[in-house]
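# Secondary and tertiary structure notes
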Amino acid sequence: MFTEELVAVSRQPRVELFVARTTGPSHRTVLVIHGGPDWDHTYLREPLSKLAGTHRLVMPDLRGCGRSTRGLSDDQYTPDTAVDDLIILMDTIGVDRADVLGFSYGGLLAQRLALAAPHRVRRLVLASTTVEAVPADAFDDWPDALERRATGARVWSNPHLAGPELTRAAAVAAAPANLWRHELLPAYLRRLESVRFSAEWLRPLRAGILPQAVLEDAVPRLAALAIPMLFLHGRYDMTFPAHLVQRAAGTIPSAGVKILESAGHMAHVDQPDAWLAAVSPFLD
């Protein structure tokens, strides 16, 4: 179903993005931007693959991620360089305008893409993400979230883990916080086994030189674009609180919001049918 290739998006430094694509009408191209950022796109293939044929899916791994170019200097991993890559990718594969779906950190990049090149974005799906910084006390009234988040966070201080092994271990440890329906946890962990984790973006993050991806003035700037937007979120998201999304959507006239019950950060895993049922008509 997916064809896979490396697409050059930069000569200096040399950067190639690994891209998975499906067939479908060009005017229904959906550019999917994964999160992490030290993950790859594969954890999002389902249920999105069900759109193949009626839509043309374009699912790249960001620079430094998955099977895309790694080993760049730390200053080459920034939200802006990632967005530049995506715009050049669209140019290279002949996509003038696309629907853009950004998940988690990818949602922050999707916002930047829409602001940098609004004429290239037809519709915008912001899934399990935010448009404003999460306050330090956002989960203080939610003991279960504090406990689950703390369990995942402890992995980052493990002195015996480094590189992609650390990123993978952190993703596994955070699974109980990211997935609300725990009966699905075994299948979710199997999905994580196929993700090609990296730690390229972790280096500049720990060095303190990774620019903040959240834009301070995102809400008014997105509102001014008048691009149709869908905020798609799990009610029990323990990364980006759902109430932040609802508040932002309420101040952006072109935005709608769909909050999925019995779903956490990985809402597309918790509620795949409901998640896809929200995305599909919005992209038609």
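My aim in this report is to walk through the structure given alongside it, one point at a time. Everything quoted here is computed from the prediction, not taken from an experiment. (Residues numbered from 1 in each chain as written. Predicted model: local features only at pLDDT ≥ 70, side-chain atom pairs only at ≥ 80, totals over all residues. Heavy atoms only, no water.)

This part covers the overall build of the chain. What the chain contains, in helices and strands, is 12 helices and eight strands. The C-alpha radius of gyration computed for the chain amounts to 18 Å, which stays within 12% of the reference 19 Å derived for 284 residues, consistent with globular compactness. Seen through its principal axes, the chain has C-alpha atoms that stretch 45 × 40 × 35 Å. Burial status across the chain gives 55% buried among its 284 residues. Partitioning the contacts of the chain with sequence separation of at least 6, the portion at a separation of at least 24 is 74%. A total accessible area of about 11800 Å² is found for the chain, and carbon and sulfur atoms account for 53% of it. Of the charged side chains in the chain, 29 are positive and 32 negative, and the gap between their average positions amounts to 5 Å. (Helix = DSSP H or I, 4+ residues; strand = E, 2+ residues; numbered from the N terminus. Rg over C-alpha atoms; globule rule 2.2 N^0.38 Å. Buried < 20%, exposed > 50% of the residue type's maximum accessible area, 1.4 Å probe, protein only. Contact = heavy atoms within 4.5 Å. Areas by Shrake-Rupley, 256 points an atom, 1.4 Å probe, with all protein chains shown as cover. Lys, Arg positive; Asp, Glu negative; His and termini not counted. Charge placed at Lys NZ, Arg CZ, Asp CG, Glu CD.)

All chains considered together, the criterion is met by eight aromatic pairs. Ring geometry for Trp39 against Phe197: centres 5.1 Å apart, planes inclined by 75°, an arrangement best described as edge-to-face. Of this pair, Trp39 sits in the loop between β3 (29-33) and α1 (45-48) while Phe197 is found in the loop between α7 (185-193) and α8 (202-207), placing the two residues 158 residues apart along the sequence. Of the two residues, Trp39 and Phe197, both sit in the buried class. On the basis of an interplanar angle of 45° and a centroid distance of 5.7 Å, the ring pair of Tyr77 and Trp201 is categorised as tilted. With Tyr77 in the loop between β4 (56-60) and α2 (79-92) and Trp201 in the loop between α7 and α8, this pair connects stretches of sequence that are 124 residues apart. (Phe/Tyr/Trp six-rings, centres within 6.5 Å; stacked < 30°, edge-to-face > 60°.)

Bringing the sheet that holds strand β6 (residues 121-127) into the picture now. With mixed pairing, the eight strands of this open sheet are ordered in space as β1-β2-β4-β3-β5-β6-β7-β8. Edge positions in the sheet fall to β1 (3-10) and β8 (255-260), since each of these pairs with one other strand and no more. Between one strand axis and the next, the sheet turns by 25° as a mean value, whatever way the strands run. Note: β1 against strand β2 (residues 15-21), seven bridges, orientation antiparallel. Its bridge partner being in β2, Glu5 is matched across the sheet by Val19. Most of the contacts of helix α3 (residues 105-116) go to strand β5 (residues 98-103), to which it runs at about 145°, and overall it touches β3, β5 and β6. Of the strands in this sheet, β7 (229-234) and β8 are in contact with helix α10 (residues 242-249), which crosses β8 at around 160°. (Pairing = 2+ DSSP bridges. Axes fitted to C-alpha atoms, helices over the stretch in contact; angles between N-to-C directions.)

Right, let's get into the side chain of Thr42. Position of Thr42 relative to the elements: it lies in the loop between β3 and α1. Beyond its immediate sequence surroundings of up to four residues, Thr42 is in contact with Ser194 and Val195.

Before going further, it helps to spend a moment on the pattern of salt bridges. Under the defined criterion, the tally for this structure stands at 17 salt bridges. One salt bridge connects Glu5 with Arg21, and the closest N-O pair in it is separated by 2.1 Å. Here Glu5 is found in strand β1, whereas its partner Arg21 is found in strand β2, with 16 residues between them in sequence. The partly exposed category is assigned to Glu5, whose relative accessible area is 30%. (Salt bridge = Lys/Arg side-chain N within 4 Å of Asp/Glu carboxyl O.)

Okay, the side chain of Asp99 next. Within the element layout of this structure, Asp99 appears in strand β5. In terms of polar contacts, Asp99 uses its side chain to reach the side chain of Arg122, at 2.8 Å. Not counting residues up to four positions away in its chain, the partners in contact with Asp99 are Thr29, Val30, Leu31, Arg122, Arg123 and Leu283. (Polar contact = N/O pair within 3.5 Å; in protein donor to acceptor, adjacent residues only side chain to side chain.)

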